Amino acid sequence: KALLEKALGEFSLDLRLITNSTNEKLKGEGFAHNKLVVAEYQSAGRGRRGRQWVSPLASNLYWSLGWKTQLPVQQLGGLSLIVGLAIVKALNELNITGVELKWPNDIRYQGRKLGGILVELSGDMVGGLQVIIGVGLNVHMASNAAEAIEQEWINLQELEPTISRQQVLITVMQCLQSYLAHFSECGFESFLPEWQNYDECYNKKVAILQGEDVINGIGAGVDANGAFLLQTGKGIKPIYAGEVSLRFR
Ligand code: ATP
């Protein structure tokens, strides 16, 4: 705990054994200052659009960072992408390589899901936005929980057997704070070259699903706002994260 607190600098720490969801916890309580909530178990862990995030006890990492920012909401489009980049950077520092990012919020290894990011806005906007950055990262999934996950997934311990949750969390927090500071100062555009290095969709055939609609194309990177660029027969179309899902074809 002391090491984590040191790594957190100005972020205060709230360690929980059990919570419904670390994002909900921050949303419910609000936060006057930057804050990290970490839980050992989430009874109602969430992905995007209400999907379940499987969160067994003492197996993986589940945390949310409450981050106050003066950035206007229009400049937050690339936030979940730079959070992914900070996590990849931290994993690289721990000798875990080959991790890729699937726009807008998946952390994957050879097509298997290692973690997910859920960015939400909360609270009133007086004196800056309150942003909640939630992350679930599989470290050592309890085997009885695994069957609840309806897609291919993987654990960090499969990639690096000696890894510990504490090590990962501390290294991620150090990287994330420096990425957030750089993002606040220079915007997402300055991360574009780094995104290209880990963009799982680049040059791949993908489908964008929006409700009943499907748009097929080829991944052509992201733009300076973090929108996905889809190469279609009619040229390049920017896709914004909101209500869409991306699938490989
Ligand atoms: P989209 O592309 O629309 O975001 P998604 O499947 O990536 O779709 P998310 O909301 O990002 O959806 O994540 C939720 C999904 O992730 C769940 O429906 C489940 O398939 C999968 N999942 C849930 N828990 C875990 C976990 N611990 N590890 C890996 N994958 C999980």
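Just so it is clear, the structure is predicted and the values come from calculations on it, not from any experiment.

The next thing to look at is the overall build of the chain. What the chain contains, in helices and strands, is six helices and 12 strands. A compact globule built from 249 residues would reach a C-alpha radius of gyration of about 18 Å, and the chain, at 17 Å, matches this within 12%. Projecting the C-alpha coordinates of the chain onto the three principal axes gives extents of approximately 55 × 45 × 35 Å. Buried positions account for 51% of the 249 residues belonging to the chain. Contacts in the chain between residues at least 24 apart in sequence constitute 61% of all its contacts with a sequence separation of at least 6. Split by element, the accessible area of the chain, about 11900 Å² in all, is 49% carbon and sulfur. When the 23 basic and 25 acidic side-chain charges of the chain are each reduced to a single mean position, those positions are 3 Å apart.

The next point concerns the packing of helix H3 (residues 79–93) against helix H5 (residues 165–186). With their axes 8 Å apart at the nearest point, H3 and H5 run at an angle of 135 degrees to one another. Classified by the interaxial angle, the pair formed by H3 and H5 is oblique. Crossing handedness for the pair H3 and H5: right-handed. On the side of H3, the interface is formed by Leu-79, Ile-82, Val-83, Leu-85, Ala-86, Ile-87, Lys-89, Ala-90, Leu-91 and Glu-93, while H5 contributes Val-168, Thr-171, Val-172, Cys-175, Leu-176, Tyr-179, Leu-180 and Phe-183. Here the contact of H3 with H5 is built from residues that sort into 15 nonpolar, one polar and two charged.

In this section: the sheet that holds strand S2 (residues 35–42). If you walk across this open sheet you meet the seven strands as S1-S2-S3-S7-S6-S5-S4, and the pairing is mixed. Where the open sheet ends on each side, the last strands, each with one partner, are strand S1 (12–19) and strand S4 (99–102). Averaged over all pairs of adjacent strands, the angle between their axes in this sheet comes to 20 degrees, without regard to strand direction. Relative to strand S7 (residues 129–137), strand S6 (residues 112–122) runs antiparallel, the two sharing eight bridges. Note that in S7 the partner of Glu-120 across the bridge is Ile-132. Running at roughly 135 degrees to S2, helix H2 (residues 22–29) makes contact with S1, S2, strand S3 (61–69), S6 and S7 of the sheet.

Here the focus is the site of the ligand. If you check the shell around the ligand, you find 20 residues, and the closest are Arg-48, Arg-51, Lys-113, Asn-138 and Ser-245. At a separation of 3.1 Å, an oxygen atom of the ligand approaches a polar side-chain atom of Asn-105. Within the contact set of the ligand, an oxygen atom lies 2.4 Å away from a side-chain nitrogen or oxygen of Ser-245. Alone, the ligand offers 620 Å² of accessible surface; in the complex the protein occludes 96% of this. Sort the elements by how many residues they give to the shell around the ligand and strand S12 (residues 245–248) lands first, with three residues. When its residues are assigned to classes, the shell around the ligand shows six nonpolar, six polar and eight charged. Per-domain counts for the shell around the ligand show at least three residues from each of domain 1 (2–197) and domain 2 (201–248).

In this section: H5. Here H5 spans 31 Å end to end across 22 residues, near enough to the 32 Å set by a 1.5 Å rise per residue. Those residues of H5 not exposed but buried are Val-168, Leu-169, Ile-170, Thr-171, Val-172, Met-173, Cys-175, Leu-176, Tyr-179, Leu-180 and Phe-183. The positive-phi residue at the C-terminal boundary of H5 is Gly-187, with phi of around 80 degrees.

The next thing to look at is H2. Taken residue by residue, H2 has Thr-22, Asn-23, Lys-25 and Leu-26 as its buried positions. Down the axis of H2, the buried side of the element spans an arc of 160 degrees, and every buried residue falls inside it. In the core, the buried residues of H2 are packed alongside S1, S2, S3, S6 and S7. Looking one or two places after H2, you find Gly-30, whose phi comes out positive at around 70 degrees.

As far as domains go, the chain holds domain 1 (2–197) and domain 2 (201–248). Here the C-alpha centroids of domain 1 and domain 2 sit 23 Å apart. Between domain 1 and domain 2, the residue contacts involve 14 residues of the former and 18 residues of the latter. Its largest share of buried area at the contact with domain 2, domain 1 owes to Arg-49, Lys-102 and Trp-103, together 50% of the area lost on that side. Applying the counting criterion to the domain 1 and domain 2 interface returns zero salt bridges. Between the two partners, domain 1 and domain 2, sit six residue pairs in polar contact (both at pLDDT 80 or more). The residue makeup of the side of domain 1 that touches domain 2, split by class, is six nonpolar, two polar and six charged.

A few words now on the pairing of S2. Counting buried residues along S2, six of its eight residues qualify, which places the element largely inside the surrounding structure. With H2 bridging S1 and the parallel S2, this β-α-β connection has right-handed handedness.

Definitions and limits used
- Residues numbered from 1 in each chain as written.
- Predicted model: local features only at pLDDT ≥ 70, side-chain atom pairs only at ≥ 80, totals over all residues.
- Heavy atoms only, no water.
- Helix = DSSP H or I, 4+ residues; strand = E, 2+ residues; numbered from the N terminus.
- Rg over C-alpha atoms; globule rule 2.2 N^0.38 Å.
- Buried < 20%, exposed > 50% of the residue type's maximum accessible area, 1.4 Å probe, protein only.
- Contact = heavy atoms within 4.5 Å.
- Areas by Shrake-Rupley, 256 points an atom, 1.4 Å probe, with all protein chains shown as cover.
- Lys, Arg positive; Asp, Glu negative; His and termini not counted.
- Charge placed at Lys NZ, Arg CZ, Asp CG, Glu CD.
- Axes fitted to C-alpha atoms, helices over the stretch in contact; angles between N-to-C directions.
- Parallel < 35°, antiparallel > 145°, perpendicular 65-115°, else oblique.
- Left-handed = near helix turned anticlockwise from the far one by under 90°.
- Nonpolar A, V, L, I, M, F, W, Y, C, P; charged D, E, K, R; others polar.
- Pairing = 2+ DSSP bridges.
- Near = heavy atom within 4 Å.
- Polar contact = N/O pair within 3.5 Å; in protein donor to acceptor, adjacent residues only side chain to side chain.
- Domains from an automatic or database assignment.
- Expected span 1.5 Å × (residues − 1).
- Arc of directions from axis to C-beta.
- Buried area = accessible area lost by both parts, 1.4 Å probe.
- Salt bridge = Lys/Arg side-chain N within 4 Å of Asp/Glu carboxyl O.
- Right-handed = clockwise from strand over helix to strand, strands pointing away.

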